[in-house]
Every structure is written in structure tokens, then in C-alpha cells.
Number of protein chains: 2
Amino acid sequence: MVEAAFELADADGLDALTIRAVAARLGVKPMSLYRHVAHKDALLDALVERMYAEVETPDPQRPDWRAELRRRAHSVREVLVRHPWSIALIETRTGPDRPFTFVHAEAVLATLISAGCSPRLASRAFVVLDSYAYGFAVQQVTMPSTEPGEVVTDEFVAAMQQYPSLVAVMGAVMADASYDFVAEFDAGLDLVLDGIDRWREAQLPAVTVGRKQEPRDLG
Amino acid sequence: MVEAAFELADADGLDALTIRAVAARLGVKPMSLYRHVAHKDALLDALVERMYAEVETPDPQRPDWRAELRRRAHSVREVLVRHPWSIALIETRTGPDRPFTFVHAEAVLATLISAGCSPRLASRAFVVLDSYAYGFAVQQVTMPSTEPGEVVTDEFVAAMQQYPSLVAVMGAVMADASYDFVAEFDAGLDLVLDGIDRWREAQLPAVTVGRKQEPRDLG
DNA sequence: TACTCTCAGCGTACTTAGTACTCTATGGAG
DNA sequence: CTCCATAGAGTACTAAGTACGCTGAGAGTA
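Residues numbered from 1 in each chain as written. Chains lettered and ligands numbered in written order. Predicted model: local features only at pLDDT ≥ 70, side-chain atom pairs only at ≥ 80, totals over all residues. Heavy atoms only, no water.

Novice: Is there a simple way to explain helix 6 (residues 99-114) of chain A in this structure?
Specialist: One full turn of an α-helix is made of 3.6 residues, so residues set three or four places apart face in the same direction. For helix 6 of chain A, with 16 residues, the first-to-last C-alpha span of 22 Å sits near the 22 Å given by 1.5 Å per residue. Those residues of helix 6 of chain A not exposed but buried are F102, H104, A105, E106, A107, V108, L109, A110, T111 and L112 of chain A. Contact partners of the buried residues in helix 6 of chain A: helix 3 (40-52), helix 4 (65-82), helix 7 (119-142) and helix 10 (181-203) of chain A together with helix 8 (154-160) and helix 9 (164-175) of chain B. Following helix 6 of chain A by one or two positions, G116 of chain A has its phi on the positive side, about 110°. (Helix = DSSP H or I, 4+ residues; strand = E, 2+ residues; numbered from the N terminus. Expected span 1.5 Å × (residues − 1). Buried < 20%, exposed > 50% of the residue type's maximum accessible area, 1.4 Å probe, protein only. Contact = heavy atoms within 4.5 Å.)

Have a look at this one:
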């Protein structure tokens, strides 16, 4: 039943996800669903959990922690974009975290810790990584179109004209045939992973490499 | 009327935001609202725009671009958290962007460009910055409690026990009396701004400082 | 002054959706 | 063969969005 609801949300969006529609998809009468869920909200909770189940976790055992975290970040973005309704859902479900949340947090934190981060730093890095992945997904989903052969309406272009930097940027982006919004994710991810790596090094007592930045207090 | 809806959403959340409730707050009958908006969705659009209006824009004229972008990022996070319903709304409003979106994009891009970024790089940096701010806000809003004197339920603690890294991290965080989730935002923001600064330098032909990383192709 | 045009607001009523309460049928355990 | 647990059905109530048509007050004009 969660599966039916999941497919329905994917196909027709959150608005189309009604108890009645889910029942119809299962060839069953609406009220029969309440044998299996307490109320619609519980079904939505289950959907979020179902969505999390698609996200790959990093493997703390593997030596290349950056590759692991990169893989997970990509997975987060992909899954959120594949199920755009889930972003809106996540925000409304504030309740005590679900099992899957724990599993993910554990995997990511363990990966960071075996990479040499202190627990305190791992916490910080985790938040930065996830913020980036979630936020990128939000932007990608919100964006009118992110296809390489992007279609822009005339009004859009007209409205844009009075904003010179915006025009310059759009021009540069459209002139770049290799531009791909999703590829931008990877670039930003490098930035974040590099930054975490620097934090990691700064925190380790032994190897102190030349840095322009003052080492920050990492707690 | 948008104002009344805005206050209602802040006070009681999105679910309580019904046409009927807004009308009641205005001392008016429900159908009267349809004199002013085509349908509820249009009202929600207006709410998103109203929310954006609270976000400070950076000033491209000022010399300290990092300070400007930092100020804006803080503002984005604050406003989104102050109006938590807006995050869920944003995701569902995919339509052609609104005036305010243009204004913000222009200000941020102009700031980046006058800091010495190419338009192509400005585009990339903008996405990274906003991803971080949005994603952080999503996490903060989702979190059960982010108050310094955080209250954790017993079940939560019990369920956590089987995840050693999670336990270690929670322990480290709770042991740190100065820990403040919102302050973590600033740390991550430093990471992002540092990274953008590096991109900026790498892209400038003149000053090439020693770097461990291969310079990436920034287009 | 009288007329009319516009527009904010009203009332009624239809539709969709969540769900409380109660009843039925079926299949397996004793 | 009986009984119970459980999935599903039926009915019906409530909340919410909104189509449609009406009213009354104020502004501008003859």
C-alpha cells in the first residue's frame, strides 16, 4: 500500500495523493486503507521513510572517504529530485526521527570519523554536506527547467533585461555548450569536500600544512 | 489580505491556512476573497513573494563581498526558519520566477562579479551559496529542537544506542556547552565562502598562489 | 439631482477529501 | 464444525475550495 501511494505521488504529485486515489489504485474502497494506517499523516510518514530507503549510505570501511561521501551526496540529490514531492513532505514531518535517519547518520558520521574527524567535527561536516545536497535538490526541483536544451519563455527573457548581471550570467551559461546544471552539483560538492578535508587537517595535531587561513576553533 | 494570510501561516501553520480562516481573520465572508485572488494557489504564490521580501539583498557596491554575501545568507536562513511553512511552499511553486527572485539573483550575481568572478563562476557560486542556506534551513526546521538547552526524549536516546558514531557525536556535542546549532551555520558558511574565494583566485590570471589542488576548469 | 457603472462583499450550494462507526465475509486454529 | 481475527465494505458527517449570481455603496456624468 505504501508502494501504491509512492507510485501515485511520483506519477501525479502530492495533490493527487488522496486516500481515495490510493484505494482506487489498489482496487479497494477508501475506508479499507484505515485497516493499515491510522491516518493519512502516518501514510505520509511512511512515504518519507520509503524515500530514504532509496538513498545509498557511505561505507565507513572503505578507505576513500571522499568517494563514499560523494556517492552518498549524489544519491541524496538524485533521490530527492526523483521524488520531488518528498522535499515538501520532509519539511512538515518534524516528529522524532525515524529508523532510517539513524542509519544514515550513523553511516555518514562513521565515515567521517574513520577519516580522522573528531566527533565534534564530524557533526559539523555532516550538517554542511547534507545542507548542500538538500539545498541543491530544492533549487533543482524549483527551477523551471534544468534540461541542457533549456526552454525559456519570452516574458522571462523580457523581464530579465533590466538586470544586467543576470543577463551576463545567463548569457555566459547559455554560451557554454557543455553547461549542465546537474554537473554543477559536483563542482559544489568538491568545494564542500575540500573544505571538510581542510577542517580535518587543521584539526589533526601532526601534519600542519601551510595555510593562508587562520585555523578556526573547531571545538 | 496577503498580510492576514501571512500572519495566519506564521501563527498556525500551512494546514490552518484556509480561505475560510483568512476570511474570518479579515472579518469577511470566504467568497469575498476571490475578488482579490483567482484561487488559493495564487494566494500561496503571493505568500512566497511576501516571504522573499523579508530577505536582505547584498550590496554589490560595498567592497567586502564576503561580508555582503554572508549577511544575505544569514538573512535567507533566518527568514526561512522564521516562516517554516515557506520551505514546503517553495517546493511546490515551480512556475516562472517572480520579480523578487530576479532582484535577489541580480544583487548576488552583481556582488560576485564585482568581487572578480566571471559570470560563469558567479553562477556556480550563487548556486552553492543558496544550496547551503536553503539546505541548512530545511535541516533546522526539520530538527526536533535546536535550542541550546535541547530536550531529548528517552526513546530517542534508547533508539540511538545501537549506533556508536551517533552516540559519540551526540555525546561530544552535548558535552560542548558552547554548542549552538545556529552557530554551526556560520562555520559552514565560512567553508563555502572560502571555497568561493579560492575559485575566484584560481580563475584570476594574475595572482596564482600555491595550491595543493589541481585548478579545476571553471568554464 | 438622478442615473448608471464599478467593484467589494454576500449567500447558496456543489464537489472533493478525510475519516468515524458499524457491519460482513473469509480463512485458519482448535 | 465452530469461532475468532482480520480485511474490506457501506454509510454518512465535516471541512474546505470555489462556481454563480445578487446587492449595495460610492464615483463620475448628464
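So much for the structure itself; the text now carries on.
Novice: Please clarify how the protein's contact with DNA strand C should be interpreted in this entry.
Specialist: As a structural note, the neighbourhood of DNA strand C is formed by 13 residues, with R20, Y34 and K40 of chain A together with K29 and S32 of chain B the closest of them. Protein-adjacent atoms of DNA strand C, using a 4 Å cutoff, are sugar or phosphate at a proportion of 42%. Within the contact set of DNA strand C, a phosphate oxygen lies 2.7 Å away from a side-chain nitrogen or oxygen of Y34 of chain A. The backbone of K29 of chain B places a nitrogen or oxygen atom 2.6 Å from a phosphate oxygen of DNA strand C. Tallied by class, the residues present in the surface near DNA strand C amount to five nonpolar, four polar and four charged. (Near = heavy atom within 4 Å. Polar contact = N/O pair within 3.5 Å; in protein donor to acceptor, adjacent residues only side chain to side chain. Nonpolar A, V, L, I, M, F, W, Y, C, P; charged D, E, K, R; others polar.)

Novice: When you look at the interface of chain A and chain B in this model, what are you seeing that I'm missing?
Specialist: When the parts come together, some accessible area is lost, and that loss is often what is quoted as the size of the interface. Across the boundary between the two partners, chain A contributes 66 residues, which contact 66 residues of chain B. Of the roughly 5700 Å² buried where chain A meets chain B, counting both sides, 65% is carbon and sulfur surface. Along the contact surface separating chain A from chain B lie six salt bridges. The salt bridge partner of D176 of chain B is R120 of chain A, with a shortest N-O separation of 3.1 Å. Between the two partners, chain A and chain B, sit 16 residue pairs in polar contact (both at pLDDT 80 or more). Counting residues per element, the ones that place at least two in the side of chain A that touches chain B are helix 5 (85-92), helix 6, helix 7, helix 8 (154-160), helix 9 (164-175) and helix 10 of chain A. Considering every element that reaches the side of chain A that touches chain B, the biggest residue donor is helix 7 of chain A, with 17 residues. Here the residues of the side of chain A that touches chain B are counted per class, giving 40 nonpolar, 11 polar and 15 charged. (Buried area = accessible area lost by both parts, 1.4 Å probe. Salt bridge = Lys/Arg side-chain N within 4 Å of Asp/Glu carboxyl O.)

Novice: Explain the protein's contact with DNA strand D here, please?
Specialist: The full set close to DNA strand D counts 13 residues, and K29 and S32 of chain A together with R20, Y34 and K40 of chain B are the nearest of them. For DNA strand D, the backbone makes up 48% of the atoms found within 4 Å of the protein, where backbone means sugar plus phosphate. Within the backbone of K29 of chain A, an N or O atom sits 2.7 Å from a phosphate oxygen of DNA strand D. At 2.7 Å, a side-chain N or O of Y34 of chain B approaches a phosphate oxygen of DNA strand D. When the residues that make up the surface near DNA strand D are grouped by side-chain class, the tally is five nonpolar, four polar and four charged.

Novice: It is not clear to me how the environment of W65 of chain A should be interpreted in this structure. Could you clarify?
Specialist: Residues and elements named next belong to chain A. When you line up the elements, W65 lands in helix 4. Accessibility expressed as a relative area gives 10% for W65, which makes it buried. Residues W65 and V108, 43 residues apart in the sequence, show an inter-C-alpha distance of 9.5 Å.

Purely geometric numbers; function is a separate question.
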